[in-house]
Amino acid sequence: MPGNGEQIGSSLTHRAVCQPTRRECSTVCWHRSREATGGGRHRMAASPGDTRVIPGHAAAEGEPDGTSAARSGGRPRQDASHNGRQDTHPLAGKLMQSVGSKEETQRSLSPLSLAPGCHSVCAKRREQSHRGRQTRDQETPPDFFYFSDFERHNAEIAAFHLDRILDFRRVPPVAGRLVNMTREIRDVTRDKKLWRTFFISPANNVCFYGECSYYCSTEHALCGKPDQIEGSLAAFLPDLNLAKRKTWRNPWRRSYHKRKKAEWEVDPDYCDEVKQTPPYDRGTRLLDVMDMTIFDFLMGNMDRHHYETFEKFGNDTFIIHLDNGRGFGKHSHDELSILVPLSQCCRVRKSTYLRLQLLAKEEYQLSVLMEESLLRDRLSPILIQRHLQALDRRLRLVLQVIAGCIEKEGYVNVVEEDLVGDTATHRSPGHR
């Protein structure tokens, strides 16, 4: 298995959730096959008798997997005394084995054809290959802008495990493994344009670069060793014909400009405006954004420009935490600007607050749980120790921000009651 120094700059990520019309779509985007989408979905189940397991949310009969949890905000309601250990139910392990198995990949890639507008390697992966390679123990160079950061397949894997430990359950299952570029991509693809871009490098490695408007050439190709390449594979979301998704612009989107700042960066009262704007003026959407903010800060992900929801449930749904490849780039720096939505709005779910407090305790330390959970992945170790230690440090910073909000606004105005048995009524986002 790859060690800490294994190259990840030229790795690929198998994404079933690529948006072909967006230039931000990351890595390799494959058409979904009927066989893969029909039989490749998995669900984590839980045993009521296992105190380490978070109870799962069962799907309604006839409802596409992944959409049923929308009614409960994407996470099961839980008792406040529930502990923070990760799943130990056998199906959790089987899920990871299945997602990362060669058989599952072959079922997905056997009718391989690249999605229109998303040929082979999309913009961020091409830029990354253009700049060079990054190993697990390397940090993002300090002179890089957030919009030109590396895309990391191990970040996608780690994000899935972090999302589960935080009990958000909004990242589709992701697992890593080595992919044979010859047998599993070149020899099975039906895309002639992709096939023609394969070549043998002067170092006798198998490489390919796909077809795109820029950065698609032999100089910017993805190369194996000799034809093995690390990748992260994500479980399919329900087909868009079954469960349409809607893309939303993140209110706290960055400017994506070298000199300009976004409005939220210069207006300390920016959240007051957001709270008066649909869909953030009612329901739990604003609280979902606060969960996403905490999730991104722990990873160090500054690239949350948009997010997606399932369209079927309108505003009574949850945010899908997709596209996490720019997380875990710097372990020595905590980007406090990611926490601005939380510090400006001063709102958080009680379940989230309790979970964060629990993960700050020594017996349920976040870094330890992440390390344990990531050992299951075929490409372990996924994160070096310094990234794990950064999680604990950033968790303390999140709790400090919430504590400051409570001191300023009062507990009842900051912490939203959302647990089973709570009698308090839900407040509107603008309530104070």
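Rules used throughout
- Residues numbered from 1 in each chain as written.
- Predicted model: local features only at pLDDT ≥ 70, side-chain atom pairs only at ≥ 80, totals over all residues.
- Heavy atoms only, no water.
- Helix = DSSP H or I, 4+ residues; strand = E, 2+ residues; numbered from the N terminus.
- Buried < 20%, exposed > 50% of the residue type's maximum accessible area, 1.4 Å probe, protein only.
- Contact = heavy atoms within 4.5 Å.
- Areas by Shrake-Rupley, 256 points an atom, 1.4 Å probe, with all protein chains shown as cover.
- pLDDT = per-residue confidence, 0-100.
- Phe/Tyr/Trp six-rings, centres within 6.5 Å; stacked < 30°, edge-to-face > 60°.
- Disulfide = S-S within 2.5 Å.

## Comments concerning the overall build of the chain
- Each helix and strand counted, the chain has 15 helices and twelve strands in total.
- Within the span of the chain, comprising 432 residues, buried residues form 58% of the whole.
- Taking all contacts inside the chain whose residues are at least 6 apart in sequence as the whole, residues at least 24 apart take part in 78%.
- Counting every atom, the chain has about 18,300 Å² of accessible surface; 50% of that belongs to carbon and sulfur.

## Observations concerning the confidence of the model for the chain
- Summary statistics for the chain give a mean pLDDT of 75 and a share of 66% for residues scoring 70 or more.
- Note that pLDDT drops below 50 for residues 13–86; the model gives that stretch 220 contacts with residues more than four away or on any other chain.

## A few points about the packing of aromatic side chains
- Applying the stated criterion across every chain yields a total of six aromatic pairs.
- On the numbers, 6.5 Å between centres and 15° between planes, the contact of Trp 248 with Tyr 307 is stacked. Taken together, the positions of Trp 248 in strand S8 (residues 245–249) and Tyr 307 in strand S9 (residues 306–310) put the pair 59 residues apart, joining distant regions of the chain.
- Owing to a relative accessible area of 18%, Trp 248 belongs among the buried residues under this scheme.
- A residue is classified by how much of its surface remains accessible, and Tyr 307, at 3% relative accessible area, is buried.
- An angle of 80° between the planes, with centres 5.6 Å apart, marks the rings of Trp 252 and Tyr 270 as edge-to-face. With Trp 252 in the loop between S8 and helix H8 (263–266) and Tyr 270 in helix H9 (residues 270–274), this pair connects stretches of sequence that are 18 residues apart. For the residue pair Trp 252 and Tyr 270, the accessibility class agrees, reading buried in each case.

## Quick notes on the state of the cysteines
- Tallying each qualifying case throughout the model produces three disulfides.
- Here Cys 271 connects covalently by a disulfide to Cys 345, the sulfurs 1.9 Å from one another. In this structure the cystine formed by Cys 271 and Cys 345 twists about its S-S bond by roughly 110°; its chirality is therefore right-handed. Taken together, the positions of Cys 271 in helix H9 and Cys 345 in helix H11 (residues 340–345) put the pair 74 residues apart, joining distant regions of the chain.
- Judged by its relative accessible area of 1%, Cys 271 is buried.
- Note on Cys 345: relative accessible area 0%, which makes it buried.
- Paired by a disulfide, Cys 346 and Cys 405 hold their sulfur atoms 2.1 Å apart. Here the disulfide of Cys 346 and Cys 405 is left-handed, its torsion about the S-S bond being about -70°. In this pair, Cys 346 is assigned in the loop between H11 and strand S11 (348–349) and Cys 405 in helix H14 (residues 385–409), connecting sequence segments 59 residues apart. Take Cys 346 and Cys 405: they sit in the same class, and that class is buried.

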